[in-house]
Amino acid sequence: MIMEYFWVEGGHRLGGSITPIGNKNAALPLLAACLLTDETLHLHNVPDIGDVRTKLALLSKMGVVVQEGQSGQCSLTALGVGEQQPDVELSRQIRTATLLAGPLLARRGHVVISRPGGDRIGRRRLDTHLLALQALGTDIEVRPDYFELRTDGLRGCDIFLDEMSVTGTEQAIFASVLAEGTTALANVAMEPHVQEVCHCLNAMGAKIEGIGTHNLTIEGVTGLHGATHRIGPDYMEVGSLIGLAAATRSALRIEQARPDQHRMTRIMFGRLGVTWEVEGDDIVVPPDQPLEVQTDFDGAVPKIDDMPWPGFPPDLISIALVVATQARGTVLIHQKMFDQRLVFADRLIDMGAGIVLCDPHRAVVMGPSRLRGQNLVSPDIRAGMALVIAALTAEGVSTIHNIIQIDRGYEQLERRLQGLGAHIERLGE
Ligand SMILES: CC(=O)N[C@H]1[C@@H](OP(=O)(O)OP(=O)(O)OC[C@H]2O[C@@H](n3ccc(=O)[nH]c3=O)[C@H](O)[C@@H]2O)O[C@H](CO)[C@@H](O)[C@@H]1O
Ligand SMILES: C=C(OP(=O)(O)O)C(=O)O
């Protein structure tokens, strides 16, 4: 098998316009939503990324008819889904294979869910999912490699989630929309993709109230129907592109970027001196930004840390880390939500970055540093993108291996960055 890698020559200015892909973390749960109805779910702006390919293969193997059209159109009909269980190998590749549980329990009362894949960024518990399903009337058998779930009928109830888990919230919603009676879900995640899932389900006939808050009320209905939904822009990609422009001192227009979704990103990136203009729905990053760490009012070292929405997304902490290496001053980067997501800081240190990795959660960055090209390996989607930004910022040539991780979440990255003038090639070995 050919192992592809990126060859990157850094030190070149980028420029131009780019449109973000559809939100990965909205597309993946929405593909699972097709299992809640016999009718066709039409999705638009579905990103052509590795995780979507895997999810579509998983659904097709279960009998879902998938029709793909131009520009990210995808129609899914789950008429012929019988007793077949989700494929184990495919399930292990993506986090959201787990999200087949709620819909399949609602429709047929039995499902075997493999321990899921996704990014290896520390322990990723499923307890929020399982506790919610249990409260709704599911028996859970825990096996070393899988969970077997059965219900004789899901019944609405009052649930306070043990944490604001994104996919845990989506799971609870999927299991509640067809449950008997009303479900009150408290302490739910409200990320833009969770909101999108709710809006799409309502378009399919669900009765979900409280969208965009941490409390949802879901009145169970007896059936859902087909619908059409357009997936919004991927704000993790938008944040990555802002970071790319700032670190490489380039001017970039990010079109149809939903600037309203970047208020906290503006605050956190602002602590590194990064700014941008909003023109209609576009984000316009100016060239040659004087990146300078903004101390707190009392002169203390500031921090950039993650929180559930509307906090700063953990997926953008890796991007903030690489931008911080280019800013004058000292800043603390604190990845609170995942246990192993900052360890790629070692790769940036190899490239010449002034970083002290205090522990798996905290890195102190002292910038600016002149980065040098290196041979690199991408550990996960966002660290992979952060390494691409570092390589484009560095002097000399870098290679980035294991780009299958980057391809899981970014669509044709090298082609789209070449369009901005980046010296990046996809090569095989
Ligand atoms: C397919 C998908 O949508 N994946 C996203 C989803 O993953 P996923 O749904 O798996 O992530 P969760 O929201 O469940 O949890 C993320 C991490 O944050 C911790 N946690 C969570 C909530 C909380 O209130 N306190 C807390 O500490 C969890 O213990 C876990 O370590 O959400 C994550 C958090 O935005 C993102 O990084 C992933 O890209
Ligand atoms: C952590 C991520 O994805 P997943 O939850 O699908 O592994 C991500 O998109 O950064």
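Note that residues are indexed from 1 along each chain, following the sequence as it is written. As they are written, the chains are lettered A onward and the ligands numbered 1 onward, keeping that order. For a predicted model such as this one, the threshold for reporting local features is a pLDDT of at least 70, and the threshold for listing and counting side-chain atom pairs is 80 or more; totals across whole chains, interfaces and linings nevertheless cover every residue.

In the annotation of an unreviewed UniProt entry, the entry for the protein reads UDP-N-acetylglucosamine 1-carboxyvinyltransferase, and the organism field reads Candidatus Entotheonella gemina. UniProt positions are given in the numbering used here, feature names are shortened, and annotations may be inferred rather than shown by experiment. The record in UniProt for the protein states the following under Pathway (unreviewed entry): "Cell wall biogenesis; peptidoglycan biosynthesis." As stated in UniProt under Function (unreviewed entry), the record for the protein gives "Cell wall formation. Adds enolpyruvyl to UDP-N-acetylglucosamine."

A. Broad picture of the confidence of the model for the protein. Each residue carries a pLDDT score, the predictor's own confidence in it, on a scale running from 0 to 100. For the protein, per-residue confidence averages 96 on the pLDDT scale, and 99% of positions sit at 70 or higher. Confidence estimates for the predicted assembly give a pTM of 0.97 and an ipTM of 0.99.

B. Highlighting the domain arrangement of the protein. Along its sequence, the protein is carved into domain 1 (4–21 + 234–428) and domain 2 (24–230). A domain assignment, automatic or from a database, supplies the domain bounds used here. Summarising the inter-unit geometry, the C-alpha centres of domain 1 and domain 2 are found 31 Å apart. Its residues placed into classes, the side of domain 1 that touches domain 2 shows eight nonpolar, three polar and seven charged. Put simply, Ala, Val, Leu, Ile, Met, Phe, Trp, Tyr, Cys and Pro go in the nonpolar bin, Asp, Glu, Lys and Arg in the charged bin, and everything else, Gly too, in the polar bin.

C. Here's a closer look at the environment of leucine 28. Looking at where leucine 28 falls in the secondary structure, it is placed in helix 1 (residues 24–33). Taking the C-alpha atoms as reference points, leucine 28 and leucine 357, 329 residues apart in sequence, are found 33 Å from one another. In contact with leucine 28, other than residues within four places in its own chain, are Asp51, Val52, Lys55 and Thr96. In this text, helices come from DSSP runs of H or I with a minimum length of four residues, and strands from runs of E with a minimum of two, each type numbered from the N-terminal end. Residues are defined as contacting one another if the C-beta atoms placed from their backbone atoms lie within 7 Å.

D. Highlighting the site of ligand 1. As used in this record, a residue near a molecule or strand is one whose C-beta atom, placed from the backbone, is within 6 Å of it. Around ligand 1 sit 19 residues, and of these Asn25, Ser165, Val166, Thr167 and Met337 come closest. Where the shell around ligand 1 is concerned, the elements lending two or more residues are helix 1 and helix 6 (166–176). A total of three residues in the shell around ligand 1 trace back to one element, the largest contributor, which is helix 6. Each residue belonging to the shell around ligand 1 can be placed in one class, and the counts come to nine nonpolar, five polar and five charged. Both domains that furnish three or more residues to the shell around ligand 1 are identified here as domain 1 (4–21 + 234–428) and domain 2 (24–230).

E. Representation of the packing of helix 10 (residues 317–324) against helix 12 (residues 381–393) within the structure. An axis is simply a line fitted to the C-alpha atoms; with a helix, the fit covers only the stretch in contact. Between two such axes, the angle follows the N-to-C directions and lies from 0 to 180 degrees. In the contact formed by helix 10 and helix 12, the axes pass within 8 Å of each other and the chain directions differ by 20 degrees. The pairing of helix 10 with helix 12 is recorded here as roughly parallel in orientation. Every pair of crossing elements has a handedness; the one defined by helix 10 and helix 12 is right-handed. Note on element contacts: helix 12 touches helix 10 through Arg382, Ala383, Met385, Ala386, Ile389 and Ala390, opposite Ser318, Ile319, Leu321 and Val322. Roughly parallel here means an angle under 35 degrees, roughly antiparallel means over 145, roughly perpendicular means 65 to 115, and every remaining angle is called oblique. If you view the pair so one helix is near and one far, a crossing is left-handed when the near helix is turned anticlockwise from the far one by less than a right angle, and right-handed when it is turned clockwise.

F. Layout of the sheet that holds strand 5 (residues 74–77). Taken together, four strands build an open sheet; the order of strands is 4-5-3-13 and the sheet is mixed. Only two strands of the sheet have a single neighbouring strand rather than two, namely strand 4 (65–68) and strand 13 (227–230). Strand-to-strand twist of the sheet, defined as the mean angle between neighbouring strand axes without regard to direction, takes the value 15 degrees. In this scheme, strands are said to pair when DSSP sees at least two bridges between them. Relative to strand 5, strand 4 runs antiparallel, the two sharing four bridges. Directly across from glutamine 67, in strand 5, lies its bridge partner serine 75.

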